Structures are given as C-alpha cells and as structure tokens.
Amino acid sequence: MLTWDFLYIDFYMSEVRILIVEDEALVAMDMAAMLTQIGYEVLDPAYSYEEAVSRMEAEKPDIVLSDINLGSGKSGIDFAQLIRSKYKLPLIFITSYSDKDTVAKAAATLPNGYLIKPFSQQDLFASIEVALASFTGSKVEQTGPVGIVNDSLFVKTDTHFVKVNVADILWLESDHNYLYLVTEKVKHIVRSSFRDFMANLPVNDFMQVHKSYIVNLKKIESFSHTEIVMNKASIPLSRNFKEELFERLKRVQ
C-alpha cells in the first residue's frame, strides 16, 4: 500500500462552470447569485443568442442554463440546437412557458432539464445535479464516474459532482469496491470498478499496470522492471503488464 505524505485527502469541489443565457438582466443576476451561493462558478451571463455563442467559444462552460425567449433574433431553442450539433454539453431550459407547443419544440432538442419560472435555489441545484448525471446516463445516487465534459471527469461525492481534469489524474488505486483517484494535490474516493471507470478515460493515455493500479502514462517519471515512479510515489509494476507498458510508452506523445 502506498503512503500519502504528499497528498491531502479531501472531497474538494472543483467548481462547475455554468453559463446563464437570459435576456432579462435582473433574472440572470438573481440566478447567478443563487448558483454562486451553492458553490458553482457562474460565468458572465449572455443576453442574446449571439452573445451566448461568443461565451461558449471564449469561456468553455460545463453546463448551460438557457431561456427560450431571448428577445429579438434567434431563440434559446436555436441555441440548444447549436449546442447539440457542435458542443457536447448538458443544457437546461429556464422559461416562463409551459404550453404544449413550446414544450414540444424544446423537447425536440433533447434538453437535460426544463425549469419553469419562478423557481427556488433548491430547484436549480437539483436540476443541475440531475442534468450532469443524465447527460452521460449515470445514476445520481451512485458515486461512480459520470463522464467527460470539456476534458474533465465529473465524479459523484456525497452531495455534489466534483470536476477533475483528466490530464491531472496520476493513477487509480483499487480497494475492494472503491477506487482512489489520485492527482498531485487531491485523492478522491469513488465507488466504482476499474472496468466501469476506464470506460470514461482516454484509452491511449491510461493503462493497468497491476491488479490494483491504473496509471496515466503521460505522468510516469521513471520506471524499472518492478515499479513505476510518479510524483515521488512508487507504484508496483506486475510482470504480466511489463512488456505492454514498454510498448505503450514508445507511443505516448
């Protein structure tokens, strides 16, 4: 078993970046205040379709909350269609409209939520958490990986989804029904199997090197015939994986 002298153990909530698309400034400000208080990172709101597109390119949010009515010009439904065709992000509609025609048009874009104004802070929180889970088909009550959004992996802890940059992961360590997901600063505890977790990782960058360890090939500092060194920690290298590791390292960019 490894020692963790260089790590601190913490369920650190890396802030989920949220873009609000809303043509009413007061409503956008009120939503931003509620979301910030919960612990999310709220980007500057977009007040039109054109501004929303610009924000998407510049800010790279993790999830979008969009009104359907965006004043003159293109609507939130147009924006949702763009997100579905160009970006792989969860989207929640926020609207005052609940008539059949509007709901049908919105539903056709396959949103991850539909919130009717007015709503509470608890409504926002629940909608966002469920949207992050449903976006990749994971169950909210489970604590396994949720999938990659903008090169980050969302991991379910007790009450929040924690965002972990995939490139920052050093290794995964299996301990019965749990995994330790280790970065240079944080160790997250996740209820998942190697097989399920690996389904969410880029296969070219990660490899199992021992019955209890998967490593990020790009983070290896040195290795021998029996161990791998990463961030001053020694990870065992099984004989069964040694030859494959040598071959894989030749191809790592």
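A quick note: this is a predicted structure, and the numbers were derived from the prediction, not measured. (Residues numbered from 1 in each chain as written. Predicted model: local features only at pLDDT ≥ 70, side-chain atom pairs only at ≥ 80, totals over all residues. Heavy atoms only, no water.)

Enquirer: What should I look at first to understand the pairing of strand S14 (residues 213-216) in this one?
Expert: In regular strands, side chains alternate between the two faces of the sheet. What you see with S14 is no split at all: Tyr 213 and Val 215 on one side and Ile 214 and Asn 216 on the other are buried throughout. As paired elements, strand S10 (residues 171-175) and S14 share three bridges and run antiparallel to each other. Residue Trp 171 lies in a different strand from S14, and its bridge partner there is Val 215. The pairing of strand S13 (residues 206-210) with S14 spans four bridges and is antiparallel. Within S14, the position partnered with His 210 by the bridge is Tyr 213. (Buried < 20%, exposed > 50% of the residue type's maximum accessible area, 1.4 Å probe, protein only. Helix = DSSP H or I, 4+ residues; strand = E, 2+ residues; numbered from the N terminus. Pairing = 2+ DSSP bridges.)

Enquirer: Teacher, can you tell me more about the nonpolar core here?
Expert: Within soluble globular proteins, side chains that are nonpolar generally end up buried alongside one another. Ile 18, Leu 35, Ile 63, Leu 65, Leu 124 and Ile 128 are the most contacted members of the largest nonpolar core, which has 21 residues in total. Broken down by secondary-structure element, the contributors of at least two residues to this core are strand S2 (17-21), helix H1 (25-38), strand S4 (63-67), strand S5 (91-95) and helix H5 (121-134). The element best represented in this core is H1, accounting for six residues. Here Leu 65 is in contact with Ile 18, Leu 19, Ile 20, Val 21, Met 31, Leu 35, Ile 92, Ile 94, Leu 124 and Ile 128, once residues within four sequence places are set aside. Counting 20 residues, the second-largest nonpolar core is a separate cluster that includes Val 21, Leu 70, Ile 77 and Ala 80. (Core = buried A, V, L, I, M, F, W, Y, C linked by side-chain atoms within 4.5 Å. Contact = heavy atoms within 4.5 Å.)

Enquirer: Help me out: how do you make sense of the pattern of salt bridges in this one?
Expert: Any two side chains of opposite charge can pair, given that their charged atoms come close. Scanning all chains against the criterion turns up nine salt bridges. The closest approach of N and O atoms between Glu 57 and Lys 86, which form a salt bridge, is 3.0 Å. In this pair, Glu 57 sits in helix H2 (residues 49-59) while Lys 86 sits in helix H3 (residues 76-86), placing the two residues 29 residues apart along the sequence. One salt bridge in this structure joins Glu 244 and Arg 248, with 3.6 Å as the shortest N-O distance. A residue pair is termed a helical-turn pair when its members lie 3 or 4 positions apart in one helix, as Glu 244 and Arg 248 do in helix H7 (residues 239-251) at four residues. (Salt bridge = Lys/Arg side-chain N within 4 Å of Asp/Glu carboxyl O.)

Enquirer: How should the sheet that holds strand S16 (residues 227-230) be read in this particular structure?
Expert: The strands making up a sheet are joined through hydrogen bonds of the backbone, oriented either antiparallel or parallel. Pairing in this open sheet of three strands is antiparallel, and the strands run S15-S16-S17 from one edge to the other. Each of the sheet's edge strands pairs with one partner strand only, and the pair in question is strand S15 (222-223) and strand S17 (233-236). By the bridge criterion, four bridges tie S16 to S17 in an arrangement that is antiparallel. Counterpart to Glu 227 in the pairing with S17 is Pro 236.

Enquirer: What should I look at first to understand the side chain of Arg 17 in this one?
Expert: Considering the arrangement of structural elements, one finds Arg 17 in strand S2. Arg 17 gets classed as buried once you look at its relative accessible area, which sits at 18%. Residues in contact with Arg 17, not counting those within four places in the same chain, are Glu 41, Leu 43, Glu 59, Lys 60, Pro 61, Asp 62, Ile 63 and Lys 163.

Enquirer: So what exactly am I meant to see when it comes to unusual backbone geometry here?
Expert: Among all residues save glycine, negative phi is the norm, and among peptide bonds the norm is trans. Following Lys 117, the chain continues into Pro 118 via a peptide bond in cis, with omega recorded as -5°. Following the sequence through the fold, Pro 118 ends up in the loop between strand S6 (113-116) and H5. In the Ramachandran plot, Asn 231 falls in the positive-phi region, its phi being about 55° despite a non-glycine side chain. One can find Asn 231 in the loop between S16 and S17.

These figures come from the coordinates and say nothing about function on their own.
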